[in-house]
Amino acid sequence: MKKIEAIIRHFKLEEVKDALTEAGISGMTVSEVKGFGRQKGHKEQYRGAEYTVDFVPKVKMEIVVSDEDAQKAIDAILTTARTGQIGDGKIFISELSEAVRIRTGETGGESL
């Protein structure tokens, strides 16, 4: 099993969700997060005063998939979330040793 964490732009969330559903991936957790990378925030003006926004708002998607479905999920996120501009985000892939469905006690791939 793999855990895929993707940090993407807010306005790409629905497109990515639809692409993952089309690829046969079901179930995800989404959180609103803030951070910065190479983008290093941006400057904004409010009532004539300029200020720097250091932490840029993003969306973090967490998906757990079987090893066979991992590349399909990664490809769906890559093609859908990409705008070609700095700040498109990142995808992190981790090996997952175990998962348990609380309701039934199913473990491993059955719990997905």
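Calculation rules
Residues numbered from 1 in each chain as written. Predicted model: local features only at pLDDT ≥ 70, side-chain atom pairs only at ≥ 80, totals over all residues. Heavy atoms only, no water. UniProt positions renumbered as here; feature names shortened; annotations may be inferred. Axes fitted to C-alpha atoms, helices over the stretch in contact; angles between N-to-C directions. Helix = DSSP H or I, 4+ residues; strand = E, 2+ residues; numbered from the N terminus. Left-handed = near helix turned anticlockwise from the far one by under 90°. Contact = heavy atoms within 4.5 Å. Nonpolar A, V, L, I, M, F, W, Y, C, P; charged D, E, K, R; others polar. Core = buried A, V, L, I, M, F, W, Y, C linked by side-chain atoms within 4.5 Å. Buried < 20%, exposed > 50% of the residue type's maximum accessible area, 1.4 Å probe, protein only. Phe/Tyr/Trp six-rings, centres within 6.5 Å; stacked < 30°, edge-to-face > 60°. Pairing = 2+ DSSP bridges. Arc of directions from axis to C-beta.

Under an unreviewed UniProt entry, the name given to the chain is Nitrogen regulatory protein P-II, and the source organism is Thalassoglobus polymorphus. Per UniProt, the comment on the chain under Subunit (unreviewed entry) is "Homotrimer."

J.: Just to check I follow, could you spell out the packing of helix α1 (residues 13–22) against helix α2 (residues 67–81) for this structure?
T.: When two helices pack together, their arrangement is given by the angle between the helix axes and by the axis-to-axis distance. In contact at an axis separation of 9 Å, α1 and α2 are set at 150 degrees when each is read in the N-to-C sense. Crossing angle aside, the handedness with which α1 passes α2 is right-handed. Contacts between α1 and α2 involve Glu-15, Val-16, Ala-19 and Leu-20 on the former and, on the latter, Ala-73, Ala-76, Ile-77, Thr-80 and Ala-81. Its residues placed into classes, the contact of α1 with α2 shows seven nonpolar, one polar and one charged.

J.: Please explain the nonpolar core as it appears in this structure.
T.: Soluble globular proteins tend to bury their nonpolar side chains together. By size, the foremost hydrophobic cluster in this structure holds 17 residues, and its most contacted members are Ile-4, Ile-8, Val-16, Leu-20, Met-61, Ile-63 and Ile-77. Breaking this core down by element, the ones donating at least two residues are β1 (2–8), α1, β5 (56–65) and α2. Per element, the largest residue contribution to this core is six residues, and it comes from α2. Among residues more than four places away in sequence, those in contact with Ile-8 are Leu-13, Val-16, Lys-58, Val-59, Met-61, Ile-77, Ala-81 and Asp-88.

J.: Looking at this structure, how should I read the packing of aromatic side chains?
T.: The way to describe two aromatic rings as a pair is by their centre distance and the angle between their planes. Evaluation of the coordinates by the stated rule reveals one aromatic pair. Pairing Phe-36 with Phe-55 gives two aromatic rings, centres 5.5 Å apart and planes at 55 degrees, and the pair type is tilted. Of the two residues, Phe-36 is situated in the loop between β2 (29–35) and β3 (42–46) and Phe-55 in the loop between β4 (49–53) and β5; the sequence distance between them amounts to 19 residues.

J.: So what exactly am I meant to see when it comes to the UniProt feature "modified residue: O-UMP-tyrosine" (unreviewed entry) in the chain here?
T.: The sites that carry the UniProt feature "modified residue: O-UMP-tyrosine" (unreviewed entry) are, in the present numbering, Tyr-51. Mapped onto the secondary structure, Tyr-51 falls in strand β4.

J.: Quick question: what am I supposed to make of the pairing of β1 here?
T.: Put simply, side chains in a regular strand alternate between the two faces of the sheet. Note that β1 and β5 share seven bridges and pair antiparallel. Counted as the bridge partner of Ile-8 is Val-59 from β5. Across six bridges, β1 lies against strand β6 (residues 90–95) in antiparallel orientation. Counterpart to Ala-6 in the pairing with β6 is Ile-91.

J.: Teacher, can you tell me more about α1 here?
T.: Given 3.6 residues per helical turn, the α-helix brings residues three or four places apart onto the same face. Of the residues making up α1, those classed as buried are Val-16, Ala-19 and Leu-20. Relative to the axis of α1, the buried residues are bounded by an arc of 100 degrees and lie together on one face. Pointing more than 90 degrees away from the buried face of α1 are the exposed residues Thr-21 and Glu-22. Along its buried surface, α1 packs onto β1, β5 and α2. Backbone geometry just after α1 places Gly-24 at a positive phi near 90 degrees.

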